Amino acid sequence: MPEHGAPAEGAASDFPAPVPETVATYLRLRGLEPSARSYRKKRRRSVDDENAPFTPGRDPRGMGDVLAQLTRESGWDKELAREDVVRAWSDVAGDDTARHTRPVAFSEGTLTVQADSTAWAKQLQLMRAHILSEIVRRFPDAGVDAIRFIGPDVPSWKWGPRTIPGRGPRDTYG
């Protein structure tokens with residue numbers, strides 16, 4: 001026989017756990033009979049490994065790692081690598097060359113670089129292989145396959161993607 005005030009052995013398992021007052025009130029208002037067994041069934045949770053602490057993949061990461069993963073998953077690697085080419089143009093082409101040139105466009109794997117003069121554009125055409133290999137080595141994700149060097153921006157009707165060979169239309173006065 002247990003002592004005064006001490007519960008008997010196994011007494012805790014004989015009686016169901018009490019239902020919280022809020023749950024009992026809710027069940028009474030809904031016309032249902034509160035029971036500890038039904039409450040326990042509803043409280044069970046499925047195992048969620050993704051949000052569980054101390055599981056693999058839950059370690060803190062640096063901001064650079066998080067941003068690298070975001071750009072990779074979003075497919076921004078190619079565009080950001082192209083922006084890096086423009087940003088690091090003086091390192092790729094050299095300081096003296098960068099003062100007289102600037103990248104102006106990317107189109108289907110071709111980088112277009114505009115020079116201050118036609119002499120610089122011609123000189124860069126001779127250095128094309130070196131500059132292209134440097135871009136591919138430093139920025140492989142940029143997708144640069146070729147480089148096109150153009151002279152200063154002067155209006156011309158003789159070249160461009162939509163030119164027509166030949167003399168073209170002429171006016172007939174009279």
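Above this note sits the structure.
**Structural notes on the nonpolar core**
It is characteristic of soluble globular proteins that their nonpolar side chains tend to be buried jointly.
At step 1: By size, the foremost hydrophobic cluster in this structure holds 20 residues, and its most contacted members are Trp-89, Leu-111, Ile-131, Ile-135, Ile-147 and Phe-149.
At step 2: Where this core is concerned, the elements lending two or more residues are helix H5 (77-87), helix H6 (89-93), strand E2 (110-115), helix H8 (118-126), helix H9 (128-138) and strand E3 (146-150).

**Describing unusual backbone geometry**
At step 1: A positive phi is found at Glu-108, a non-glycine position, where the angle reads about 50°.
At step 2: Mapped onto the elements, Glu-108 comes out in the loop between strand E1 (101-107) and E2.

**As for the sheet that holds E1**
At step 1: Taken together, the three strands give an open sheet; going across it, the order is E1-E2-E3, and neighbouring strands pair in mixed fashion. Looking at which strands have only one partner, the edges of the open sheet turn out to be E1 and E3. Here the average twist between neighbouring strands, direction ignored, is 25°.
At step 2: Judged from the six bridges that link them, E1 and E2 form a sheet pairing that is antiparallel. By the bridge assignment for E2, Phe-106 is matched with Leu-111.

**Notes on the pattern of salt bridges**
At step 1: Counted under the stated rule, the structure contains four salt bridges.
At step 2: Arg-137 serves as the salt-bridge partner of Glu-134, at 2.6 Å between the closest nitrogen and oxygen. Taken together, the positions of Glu-134 and Arg-137, both in helix H9 and three residues apart, correspond to about one turn of that helix.
At step 3: A relative accessible area of 13% places Glu-134 in the buried class.

**A short note on the side chain of Gln-114**
At step 1: With respect to the helices, strands and loops of the structure, Gln-114 is situated in strand E2.
At step 2: Separated by 2.9 Å, the side chains of Gln-114 and Arg-102 make a polar contact.
At step 3: If we ignore the near neighbours within four places in the chain, the residues touching Gln-114 are His-100, Thr-101, Arg-102, Val-104, Ile-150, Gly-151, Pro-152 and Asp-153.

Calculation notes
Residues numbered from 1 in each chain as written. Predicted model: local features only at pLDDT ≥ 70, side-chain atom pairs only at ≥ 80, totals over all residues. Heavy atoms only, no water. Core = buried A, V, L, I, M, F, W, Y, C linked by side-chain atoms within 4.5 Å. Buried < 20%, exposed > 50% of the residue type's maximum accessible area, 1.4 Å probe, protein only. Helix = DSSP H or I, 4+ residues; strand = E, 2+ residues; numbered from the N terminus. Pairing = 2+ DSSP bridges. Axes fitted to C-alpha atoms, helices over the stretch in contact; angles between N-to-C directions. Salt bridge = Lys/Arg side-chain N within 4 Å of Asp/Glu carboxyl O. Polar contact = N/O pair within 3.5 Å; in protein donor to acceptor, adjacent residues only side chain to side chain. Contact = heavy atoms within 4.5 Å.

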